[in-house]
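Notes for the structure review
Okay, here's what each chain looks like letter by letter:
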Amino acid sequence: MIFNQRLLSVYLFIPGVIALILLIISALLTSVTLAREKETGTLELLSISPISPYMIIIGKVIPYLILSLLNSFIIILLGIFVFGLPMVGSVALLILACFVYTVASLSLGILISTRVETQQAAMFASLVSLMMPTMLLSGFIFPIESLPLPLQLISNIIPATHFIILIKSIMIKGAGISLIWKPFFILIAMTAVFILVSIQSLKRNK
Amino acid sequence: MRNILVLVRKEFLQIFRNRQLLPFMTVLPVVQVILLTFAANYEIKNLRLGIWDLDQSASSSQLVHKFTGANFFQATDLIDNQKKADDLLMQDAIDLVLVIPKDFEKNSKLQNSPPAVQFQINALNNSKAGIVQNYANAITQDFMSELRGNANVIGSAKIIPVTNFWYNPTLNYKTIMLPGIVAEVMTLIIILICALNVVREREIGTIEQLNVTPLKKHEFILGKLIPFWFIGHFIFWAGIALGRLIFHIPMVGSLGLLELFLAIFLFVPLGIGLFISTAVETQQQALFTSFFFIILFILMCGLFTPVETMPDWAQWVNQLNPLKYFVEVNRLILLKGSGFAEIYPFILKMFVYGIGINALAIWRFKKTS
C-alpha cells in the first residue's frame, strides 16, 4: 500500500469534505448575495451607475474570496492537526490550489445568481443541484473509475473532482507542479467560462 | 379546520405559481436520485497494472496472463526498477504494481510456502485500494491453487469465500443506495423549504398581516407544514417508484408500513426547518443553518460510512440524526421485509422526536412574533 499504509479513510474523506464545504459555501455566498440585490432592487441602482459589470463582479467576489480562503485554511489545519493528515508537498502550491478552486466556486455562484430571480431559487439551485452531485460524483465517496461513462463525463465538469486530485497529490503524495498542472489548468479554464457566461447574462439583463 | 385548509390552499397556490422554484422542489430531486444511483458502484474494471517480472519464467508469465485475462486489470506498463514504479504511482498512471520476485517458479511449487508475490497498491483512495487488494489476492490465490493442483483441497477451500464476496457487488449497492439517497434528498429539501418559507414571510412582512388575522398559531403552523408534508411524499414515492422501474430495487416488506413510517418521519425534518426559521432573522441565515445540519445528517446517516465504526461520542450525537433511522428502516422494510413489531420502536422514536421538535419550534415561534 503506497501513500496510505494503513488504508485510512481520512485520506479520502478530508479532501472530499474540504472540497464540498468550500464549493457550497462559496457558491452559496455569492449566488445568494447577488440574488438578494436583485430582489431588493439595489442591483438596478448598481447597473445605472457608471460601474462596469466586470467591476461589479470583481467587487462582489473579493470579500467572499478572503472569507472562503480563511475557511479552507482552517479546515486544512484541522485535517492536519486533529486527523493526522500528512503534509508532504509544498505549502505554496496548496495555497495556490485553494485559491484557484475558491475563485472557481465563487464564479460558479455568480453564474447561478445571474440566472435566477429570487434568493430562494438561488439557494435551491446552489444547494440542491451542487451538493449531492459533488458528493457522489467527485470521487469523494465512489471511485470515479467505477462510474458509468456519462457520469464520468459529468464528474469531469465538477470543479471538486479536480480540486480533490490537487489536494491529495499535494498533501499526501507531495507532487510538484509538473505532475498536477492539468487539474490547475482545468479549474482556471472553468473559472474563465463561468465568468464570461455570467458577464454575458449581466449585460443582457441591463 | 377551515382556516387550515384555506392556508394550505394558499401555500399550494404560491408553490405552483413559482415556476422557477417548483422544478427544484419536485423534478430535480427525483432526476438526481436516479442519476446518482448509477454512481453507487464499488466494482471497478480496467485497473491499470504495472508488471515487474523478475523471474521471467513460464509460471510468472502465466500469472501475468491470469491478471490481464481477468478483465479487472489492464497491463499498461512493464517495469524493471523501483524508480520507475515510484514514478508511475506518483503520476497516477497505474493503480497496482505486481512484483514477481526471482525464484517465483521454484518457490511456488513448494506446498507450504506462501504466495511470494508483492503488490504495491496506490492507496490514495482507500476504498479503491481495498478492492484492488482483494482482486489481486483472489487472482493470485486462484493461480496458486491451480499450480499446486486440485489435490490441495484445504488451500482452495480457503479461496472461494473471497472470490464470491467480490464478484456480485453491483446490484446490491444500487438497491441499498437508492432508498437512502431518496431519503437524503427528500430530507434536505424539506428542511430547506420549511426553514426558508417562514423566514421569507417574515422578511417581506406578510407574517405581520397574518398575525393580525384571527388565525391561531397552531393553525398557521399546520397550514405551513401540511403542503410540505405532501411534497415530501411526492419526492419519496416518485423516487422509490422510479427506482423500482429502473433498478428493480427489492420490496420485500409492506409498503403500507413504510408509508406509515414516512408519514410520521416527515414531521421531524419539518419541525427542524420550522425551528431553524424561528431562530434566525434572514433567509441567508436560515440557509446556512440548514446547510450545517443537512451536511451532518447526510454524511453521518450510515449510508456511506457505517454508523458502528464511528467513535462513541459521534454515535451519541447521531441519535439525533433522523436520517440514520430512515436509512435503517428502509433497509429493514425493503430488503429484509421486517414487520410492524420490528419497525414499531423506530416509529415511536420518530413520533416522540417529531412532537418534541415541533413543540420546541411552536414555543419559540410564540416568543419571537
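Reading the values: rules and limits
- Residues numbered from 1 in each chain as written.
- Chains lettered and ligands numbered in written order.
- Predicted model: local features only at pLDDT ≥ 70, side-chain atom pairs only at ≥ 80, totals over all residues.
- Heavy atoms only, no water.
- Patch = residues over 30% accessible without salt bridge, like charges linked within 9 Å, V, L, I, M, F, W, Y side chains within 5 Å.
- Areas by Shrake-Rupley, 256 points an atom, 1.4 Å probe, with all protein chains shown as cover.
- Salt bridge = Lys/Arg side-chain N within 4 Å of Asp/Glu carboxyl O.
- Helix = DSSP H or I, 4+ residues; strand = E, 2+ residues; numbered from the N terminus.
- Axes fitted to C-alpha atoms, helices over the stretch in contact; angles between N-to-C directions.
- Left-handed = near helix turned anticlockwise from the far one by under 90°.
- Contact = heavy atoms within 4.5 Å.
- Nonpolar A, V, L, I, M, F, W, Y, C, P; charged D, E, K, R; others polar.
- Buried area = accessible area lost by both parts, 1.4 Å probe.
- Polar contact = N/O pair within 3.5 Å; in protein donor to acceptor, adjacent residues only side chain to side chain.
- Expected span 1.5 Å × (residues − 1).
- Buried < 20%, exposed > 50% of the residue type's maximum accessible area, 1.4 Å probe, protein only.
- Domains from an automatic or database assignment.
- Pairing = 2+ DSSP bridges.
- Right-handed = clockwise from strand over helix to strand, strands pointing away.

What follows concerns a nonpolar patch on the surface. Taken together, the side chains of Leu70(A), Ile74(A), Leu77(A), Leu78(A), Phe81(A), Val82(A) and Phe83(A) make up a nonpolar region of the molecular surface, amounting to roughly 760 Å² of accessible area. By secondary structure assignment, the location of Ile74(A) is in helix 3 (residues 53-81).

The relative placement of two packed helices comes down to the angle between their axes together with the axis-to-axis distance. Residues and elements named next belong to chain B. Contact geometry of helix 3 (residues 27-37) with helix 11 (residues 217-247) gives a least axis separation of 9 Å together with a crossing angle of 35°. Here the hand of the crossing between helix 3 and helix 11 comes out right-handed. Contacts from Pro-29, Val-30, Ile-34 and Thr-37 in helix 3 reach Ile-235, Ala-238, Gly-239, Leu-242, Gly-243, Ile-246 and Phe-247 in helix 11. Its residues placed into classes, the contact of helix 3 with helix 11 shows eight nonpolar, three polar and no charged.

Contacts between the two partners involve 57 residues from chain A and, on the opposite side, 55 residues from chain B. For the chain A face of the interface with chain B, the top three residues by lost area are Gln120(A), Phe124(A) and Phe142(A), together amounting to 14%. Put simply, Arg36(A) and Glu203(B) hold a salt bridge, and the shortest N to O gap is 3.8 Å. On the surface where chain A and chain B come into contact, there are zero residue pairs in polar contact (both at pLDDT 80 or more). Elements supplying a minimum of two residues to the side of chain A that touches chain B: helix 1 (10-40), helix 5 (119-137), helix 6 (149-156) and helix 7 (159-173) of chain A. Top element by residues in the side of chain A that touches chain B is helix 5 of chain A. It accounts for 15 residues. Of the residues assigned to the side of chain A that touches chain B, the class counts are 40 nonpolar, 10 polar and seven charged.

Residue and element names in this part refer to chain A. With 25 residues, helix 4 (residues 91-115) extends 37 Å from end C-alpha to end C-alpha; this agrees with the ideal 36 Å at 1.5 Å per step. With 19 of 25 residues buried, helix 4 is to be regarded as a mostly interior element. Between the side-chain oxygen of the N-cap and the backbone nitrogen of Ala-92 there are 3.4 Å, and the N-cap of helix 4 in question is Ser-90.

Quick look at the domain arrangement of chain B now. Annotation of chain B at the domain level lists domain 1 (2-40 + 170-364) and domain 2 (47-148). Between domain 1 of chain B and domain 2 of chain B, the C-alpha centre-to-centre distance is 48 Å.

In this section: the environment of Ser59(B). Within the secondary structure, Ser59(B) sits in helix 4 (residues 58-69). Taking the C-alpha atoms as reference, Ser59(B) lies 9.2 Å from Lys106(B); in sequence the two are 47 residues apart.

What follows covers the pairing of strand 2 (residues 73-78) of chain B. Residue and element names in this part refer to chain B. Pairing between strand 1 (residues 47-53) and strand 2: five bridges, direction parallel. The residue of strand 2 that forms the bridge with Ile-51 is Leu-78. For the crossover from strand 1 across helix 4 to strand 2, the handedness is right-handed.

A separate point is the side chain of Ser155(A). Residues and elements named next belong to chain A. Tracing the chain through its elements places Ser-155 in helix 6. Classification of Ser-155 by relative accessible area gives buried; the value is 1%. There is a polar contact of 3.0 Å between the side chain of Ser-155 and the backbone oxygen of Leu-137. Dropping the residues within four chain positions of it, Ser-155 is found in contact with Leu-137, Ile-144, Leu-147 and Thr-161.

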